[in-house]
Amino acid sequence: MTPWRFAWVLLVMAAVAAWQATVIPESAIQMTVGASAVPIAVVSLLLALGLLYAVSAWRGKQADEGLEEGQTPLAGSTKRLLTLLGGGLAFMIGLPWLGFVIPATACGMCVASSFDAPFSLKSLLICGAIALVFWVLFSQILGVGLGPASPFGV
Amino acid sequence: MDAFNALMGGFANALQPATLMWGFIGCLVGTMVGVLPGIGPALTIALLLPLTYHVPATSMFVMFAGIYYGAAYGGSTTSILIKTPGEASSMMTAIEGNQMARAGRAGPALATAAIGSFVAGTVGTIALTFVAPMVVNAALAFGPAEYFSLMILSLIAVSAVLGNSVLRGLIALALGALFGLVGMDLQTGQPRFTFGQSQLFDGIEVTVAAVGLFAIGEALFLAWQGRESKGSEVMKVSGSLMLSKKDWSRSWKPWLRGTFFGFPIGAMPAGGAELPTLLSYYTEKKLSKHPEEFGKGAIEGVAGPEAANNAAAAGVLMPLLTLGIPTSATAAIMLSAFEGYGIQTGPGLFSAQSSLVWTLIASLYVGNVICWCSICRWWACGSSCSKFRRLGCMRASS
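Residues numbered from 1 in each chain as written. Chains lettered and ligands numbered in written order. Predicted model: local features only at pLDDT ≥ 70, side-chain atom pairs only at ≥ 80, totals over all residues. Heavy atoms only, no water.

Some points on the overall build of chain A
Counting its secondary structure elements, chain A contains 5 helices and 0 strands. Ordering the α and β elements of chain A from the N terminus gives α-α-α-α-α. Residues classed as buried in chain A amount to 33% of the 154 residues present. Sequence-distant contacts, at least 24 apart, represent 56% of the contacts inside chain A between residues at least 6 apart. Looking at chain A as shown, the accessible area adds up to about 9600 Å², and 73% of this sits on carbon and sulfur atoms. (Helix = DSSP H or I, 4+ residues; strand = E, 2+ residues; numbered from the N terminus. Buried < 20%, exposed > 50% of the residue type's maximum accessible area, 1.4 Å probe, protein only. Contact = heavy atoms within 4.5 Å. Areas by Shrake-Rupley, 256 points an atom, 1.4 Å probe, with all protein chains shown as cover.)

Dropping the structure here:
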């Protein structure tokens, strides 16, 4: 992300935060420093810093980290990123419907795939075993609420 | 003398085979979770809370103490080897230690972290045993003005050490403060920055933020970059695990300074382990004869913060045990464990649960030794294990 784009993101965030700071409800408790005092101070600081950064970026004084050494990816970077993120998304979406083990296995395989491990039976078995051990350890032995292991409620 | 006699009684309990076993399990689990990025002692103790239904209170708290100390030891390993701190307080170690590892000095970095942790843990536990009343009084004397001063001090320290750009450091600081405000206001109960979503009422957990920033962020970067770009050379857990004379001379003062930052600030409400770690790093940077090495692998930048981190772990236990005030997430979860056993924390704890408290303190000494021995043993094994080297150096050769 270029400094100029980052400055815009920062300013948009500060604007959204400023809007949220204005909708903090008034407390019935009489206090010298209310619930919105610190948020307003922090948002003001963020806004001021965002503006300073934007001016600095506009003048070309902020270095683009993306141009530094070691910041150039190999081909297929988008695919790898999407696979990793997709795995996390699949876990979150699948958990309520499929139980713990299947989504966790899918997530593990996606993560492994984003680090160049192929989608294979070996990957399936390893990720499945890890997911199952985690579920047994935390859910059955330690009593942590991970939900059922499978969609059949087991 | 009373404290000494009570401590001896605590040792008599802590060295019972069953209690010792729980302490050993705690140290082992703690070291493992410290090594694993994103899983800290708070999360681990929270996950193990169901065990309170099955295990006696003394054994349970000895294990929790072992987890707490073990995590403080283990956190430095991933920070140094793969630049992924297990906890926020290992952030500075990740910066300097990883640079040392990249420069072929992973061994001395790990060694100074372990020895510093041991020294600080021991001194901190001695202070917890004998100096507790004085430090508690000092912590109690803190009022709003002192808190404000402490916050300003931490903000200045943070903005001074964050990279080369003060502006970007301050922006990160403001963003952190903004995210910290999300949730219900503790004083008035008003929701802030929640967008009307009840899921945000409890705010953003520190653990979640740390995992997102450090572990997932690093995973995303590595996946984006691709494996081949890191080169084929796998960097070893290089350098001797024994410190050279020069390393000793550059480390011992930071260990002591880190200890003296860590313990009192860890004992203060809102002190925690992050602030002394940052202060220690900042101080070492200012006092070092080689300030140009900071950010490129200065051993003082590992020794001081690691000592501060471990001393703070002992310091955090003091207000918990003497006043019933948790000053960190881990202490808060331990407090809930006390409540789970029906034990009332506060000034009366030392008299009402004398055996439990002194066994816990004695187990800290024992746990400190176990953790130090086990982590050194592990590294010694790891230095001759190619798979460990590969794990430790995934990014190092990029």
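Read on for the rest.
So, the overall build of chain B
Of regular secondary structure, chain B possesses 17 helices and 2 strands. Counting across all 398 residues of chain B, residues that qualify as buried make up 53%. Here the contacts in chain B between residues at least 6 apart in sequence split such that 75% fall between residues at least 24 apart. For chain B, the exposed surface amounts to about 16700 Å²; the carbon and sulfur share of it is 67%.

Some words on the packing of helix α3 (residues 41-48) of chain B against helix α4 (residues 57-82) of chain B
All names here are of chain B. For the pair α3 and α4, interaxial distance at closest approach is 9 Å and the crossing angle is 155°. Here α3 lies roughly antiparallel to α4, going by the angle between them. The two elements α3 and α4 meet at a crossing, and its hand is right-handed. Contacts between α3 and α4 involve Pro41, Thr44, Ile45 and Leu48 from the former and Met60, Met63, Phe64, Ile67, Tyr68 and Ala71 from the latter. Class assignment of the residues belonging to the contact of α3 with α4 gives a composition of 9 nonpolar, 1 polar and no charged. (Axes fitted to C-alpha atoms, helices over the stretch in contact; angles between N-to-C directions. Parallel < 35°, antiparallel > 145°, perpendicular 65-115°, else oblique. Left-handed = near helix turned anticlockwise from the far one by under 90°. Nonpolar A, V, L, I, M, F, W, Y, C, P; charged D, E, K, R; others polar.)

Comments concerning the interface of chain A and chain B
At the interface, 44 residues of chain A touch 35 residues of chain B. For the pair chain A and chain B, the summed buried surface comes to about 3400 Å²; carbon and sulfur atoms form 76% of the total. In this structure, the connection of chain A to chain B is made through 0 salt bridges. Our count for the chain A to chain B interface comes out at 5 residue pairs in polar contact (both at pLDDT 80 or more). The set of elements that each furnish at least two residues to the side of chain A that touches chain B consists of α1 (3-22), α2 (37-58) and α3 (77-98) of chain A. Ranked by residues supplied to the side of chain A that touches chain B, first place goes to α2 of chain A with 10 residues. Tallied by class, residues from the side of chain A that touches chain B come to 31 nonpolar, 9 polar and 4 charged. (Buried area = accessible area lost by both parts, 1.4 Å probe. Salt bridge = Lys/Arg side-chain N within 4 Å of Asp/Glu carboxyl O. Polar contact = N/O pair within 3.5 Å; in protein donor to acceptor, adjacent residues only side chain to side chain.)

Quick look at the side chain of Thr31 of chain B
Residue and element names in this part refer to chain B. For Thr31, the location among the structural elements is in helix α2 (residues 17-35). Its relative accessible area of 7% is what places Thr31 among the buried residues. At 2.7 Å, the side chain of Thr31 forms a polar contact with the backbone oxygen of Cys27.

Notes on a nonpolar patch on the surface
Residues Trp4, Trp8, Val12, Val16, Trp19, Val23 and Trp58 of chain A together with Phe195 of chain B make up a contiguous nonpolar surface patch of roughly 910 Å² in combined accessible area. The element that contributes the greatest number of residues to the nonpolar patch is α1 of chain A, accounting for 5 residues. Residue position: Trp19 of chain A is located in helix α1. Judged by its relative accessible area of 47%, Trp19 of chain A is partly exposed. (Patch = residues over 30% accessible without salt bridge, like charges linked within 9 Å, V, L, I, M, F, W, Y side chains within 5 Å.)

Description of the nonpolar core
Ranked by size, the top nonpolar core spans 67 residues in total, and within it Phe61, Met63, Phe64, Ile80, Phe338 and Ile361 of chain B carry the most contacts. Ranked by residue count, the leading element in this core is α4 of chain B, at 12 residues. Beyond its immediate sequence surroundings of up to four residues, Ile80 of chain B is in contact with Thr93, Gly97, Asn98, Ala101, Ala106, Ala109, Leu110, Ala113 and Val302 of chain B. Counting residues in hydrophobic clusters, the runner-up holds 21 residues, among them Leu46, Leu49 and Ala57 of chain A together with Ile171 of chain B. (Core = buried A, V, L, I, M, F, W, Y, C linked by side-chain atoms within 4.5 Å.)

Observations regarding α2 of chain A
All names here are of chain A. In a regular helix each residue adds 1.5 Å, so 22 residues correspond to 32 Å; α2 covers 32 Å between its end C-alpha atoms and thus fits that length. Of the residues making up α2, those classed as buried are Pro39, Val42, Val43, Leu46, Leu49, Gly50, Tyr53, Ala54, Ser56 and Ala57. Looking straight down α2, one finds that the buried residues subtend no more than 160° of arc, so they occupy a single side. Summarising the geometry of α2, the exposed residues directed more than 90 degrees from the buried face are Leu52 and Trp58. (Expected span 1.5 Å × (residues − 1). Arc of directions from axis to C-beta.)

Here we look at the pattern of salt bridges
Residues and elements named next belong to chain B. Inspection of every chain in the model, using the stated rule, returns 5 salt bridges over all chains. The partner of Asp185 in a salt bridge is Arg192, with the nearest N and O atoms 3.6 Å apart. With relative accessibility at 10%, the residue Arg192 sits in the buried group. Ionic contacts of the salt-bridge type, sharing partners, join the residues Arg250, Glu293 and Glu300 into one network.

Brief notes about the packing of helix α5 (residues 91-102) of chain B against helix α13 (residues 300-323) of chain B
All names here are of chain B. With their axes 8 Å apart at the nearest point, α5 and α13 run at an angle of 145° to one another. When you trace α5 past α13, the crossing you get is left-handed. Of the residues in α13, those touching α5 at Met92, Thr93, Glu96, Gly97 and Met100 are Gly301, Val302, Pro305 and Glu306. Grouping the amino acids of the contact of α5 with α13 by side-chain chemistry returns 4 nonpolar, 3 polar and 2 charged.

So, the confidence of the model for chain B
Residues and elements named next belong to chain B. Per-residue pLDDT for chain B has a mean of 77; in total, 79% of the residues score no lower than 70. For the stretch residues 229-235, pLDDT sits under 50, and the model shows 17 contacts to residues farther than four places along the chain or on other chains. For residues 384-398, every residue scores under 50 in pLDDT, and the model assigns this stretch 35 contacts once sequence neighbours within four places are set aside. Taken over the whole predicted complex, pTM reads 0.62, whereas the ipTM for its chain interfaces reads 0.81. (pLDDT = per-residue confidence, 0-100.)

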